[in-house]
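# Residue-level structure breakdown
Single-letter residue listing:
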Amino acid sequence: MSDYETVLRADAMLTPEGAIADAELAFDGSGRITYAGSARPDAASASDRVVHELAGHVLMPGLVNGHTHSAMTLLRGVSDDEGFMPWLAAVQALEQHLTHDDVAVGLQLAMVEMIETGTTSFADMYHWDADLIELVRSAGMRALVAPASFAPETVGFPGVSPWTGAEATDRTEALAERYAGDAQVRIAYGPHAPYTCPPEFLRDIAQRAVRLGIPIHTHISESTAEVAQIRERYGATPAVHLDALGLFDAEVLAAHCVHLTDGEIELFARTGTAVSHNPVSNLKLGNGIAALPEWQAAGLRISLGTDSVASNNTLDLFEEIKTGTILHRGARGDAAIVRAADVLDIATRRGAEAIGFPETGALEAGRLADVIALDVTGSSAIPFEAASLVSHLGFAATGADVRHVFIGGRHVYAEGEHLTLDADSIRARAAAARARLSDAARTD
């Protein structure tokens, strides 16, 4: 253990045991939590402690985005009022003009937005290579990264990389070896979906994943059109089709899963398959409402995700927390069917476990200090009482309330200032890149 502690003292703190008033969190120089509880009278006077007095703030675990495509920040607002398949066609048309520099700045813009709205870890599928991964590491975030692939011979992002699906699969394995044991980065295969990836390609990835212990991140049953297409092609629903190919013999993170059957939910429970609930994206694209209450009842491993900003249009997980709680209440006519406390847990501890960072996600001794501080002095927080902390975080808080972010004890965001990213430069570069993409698309 390092010979000093950083101490955060706040009005309240969310812990696995519930809310604590007049709270204190301490972590050592390695970024591991040494204390989480009521404020200690002697903490401020100890010479081996650096103390942050955060009156008017509350502490909670950093949020975990269970599914996104970070570089697509450059495509924010594309085809906002179209259904899923027309939207996908419009997005893919723009993606053909992306360069590697575009992907890099899109990723950096996403990290700026995620950090300043309280996200500390994310699961991502897009083009990924070592240069892009190093951007994540230097920003201080944690990520499960999956290089996307579509078919063995298909080049997914021709302006970014010449990699075919087969090459992306091979590169995934090289990246997994390079970053094995890294505290900030995990690598996954990224076969896009059963409607874009041929069966033998998926079977090969499944076998590789089992042999090498590399997880898989994919989309499953996002839309009714996808389900109908897979039924027509293969005579089975998407998850049943993938199960026949051996996919669930591996560790899988499945995004969306809006149209799982009861049998498929049982399959996911039996195989330990993790799912990512993306309520805002699912609603915006008209794809429906995933069966979160049934997932919970079945004991599925669940995370909460935004999807990309091309289908959301923000990376603010507080919006997902509120929507993910009230959506099912309204749809089922039952205000008790989903609790805010459970969705907060999905957005933190359970999400961290689902994407492979189980040492994070909760504020308790022994875990890594991924922690955010929110201002509770604004109008929407008044009156504030520690006993109502879960209510406030579940229904009233927004990403704009975040004032401090620590990841593994590293201070990456302080009072509106990014400490690891040049936010102004990134925003300017991203705006210029989007203008160039739009001009290129108009000349097609």
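So, how was this worked out
- Numbers given for residues are sequential positions, taken from 1 along each chain in its written order.
- Owing to the predicted nature of the model, reporting of local features is limited to residues with pLDDT of at least 70; listing and counting of side-chain atom pairs is limited to 80 or more, with chain, interface and lining totals taken over all residues.
- The side-chain figures draw on all heavy atoms in the structure; neither hydrogens nor water molecules are used.
- Think of it in three bands: with a 1.4 Å probe and only protein chains considered, a residue is buried below 20% of the maximum accessible area for its type, exposed above 50%, and partly exposed in between.
- In this description a helix means any DSSP run of H or I spanning at least four residues, a strand means any run of E spanning at least two, and both kinds are numbered starting from the N terminus.
- Side-chain atoms alone can form a polar contact between residues adjacent in sequence; in general such a contact is a pair of N or O atoms within 3.5 Å, and within protein one must be able to donate a hydrogen while the other accepts it.
- UniProt positions are given in the numbering used here, feature names are shortened, and annotations may be inferred rather than shown by experiment.
- Residues grouped as a nonpolar core are buried Ala, Val, Leu, Ile, Met, Phe, Trp, Tyr and Cys residues, joined through side-chain atoms within 4.5 Å.
- Residue ranges assigned to each domain were obtained from an automatic or database domain assignment.
- What makes two residues a contact is simply this: any of their non-hydrogen atoms within 4.5 Å.
- Angles run from 0 to 180 degrees between N-to-C directions of axes, and those axes are lines fitted to C-alpha atoms, restricted for helices to the stretch in contact.
- An angle counts as roughly parallel when it lies under 35 degrees, as roughly antiparallel when it exceeds 145, as roughly perpendicular when it falls between 65 and 115, and as oblique in every other case.
- For a crossing to be left-handed, the near helix must be turned anticlockwise from the far one by less than a right angle; the clockwise case is right-handed.

So, on to helix α3 (residues 130-139). Three or more residues of α3 are buried, namely Ala130, Leu132, Ile133, Val136 and Ala139. Backbone nitrogen of Asp131 and a side-chain oxygen of the N-cap are separated by 3.2 Å at the start of α3; the cap is Asp129. Immediately beyond the C-terminal end of α3, within one or two residues, lies Gly140, with a positive phi of roughly 95 degrees.

Right, let's get into the UniProt feature "domain: Amidohydrolase-related" (unreviewed entry) in the protein chain. The UniProt entry lists residues 58-411 under the feature "domain: Amidohydrolase-related" (unreviewed entry), expressed in the numbering used here. In residues 58-411, helix accounts for 42% and strand for 18%; the two terminal C-alpha atoms are 16 Å from one another.

Among the nonpolar cores identified, the biggest contains 123 residues, and Phe268 and Trp295 are the most heavily contacted of them. Considering each element in turn, this core owes the most residues, 10 residues, to helix α2 (residues 100-116). Residues lining this core come from more than one domain, with at least three contributed by each of domain 1 (5-61 + 362-423) and domain 2 (63-355). Dropping the residues within four chain positions of it, Trp295 is found in contact with His256, Cys257, Leu260, Ile265, Val275, Ser276, His277, Ala290, Leu300 and Ile302. Ala23, Ile33, Leu54 and Ala373 belong to the second-largest nonpolar core, a separate cluster that totals 15 residues.

Turning our attention to the packing of α2 against α3. The interhelical angle for the contact between α2 and α3, taken along N-to-C directions, is 25 degrees, at an axis separation of 10 Å. Relative to α3, α2 is oriented roughly parallel. For the element pair α2 and α3, the recorded crossing hand is right-handed. Of the residues in α3, those in contact with His100, Val103, Ala104, Leu107, Gln108, Met111 and Ile115 of α2 are Asp131, Leu132, Leu135, Val136 and Ala139.

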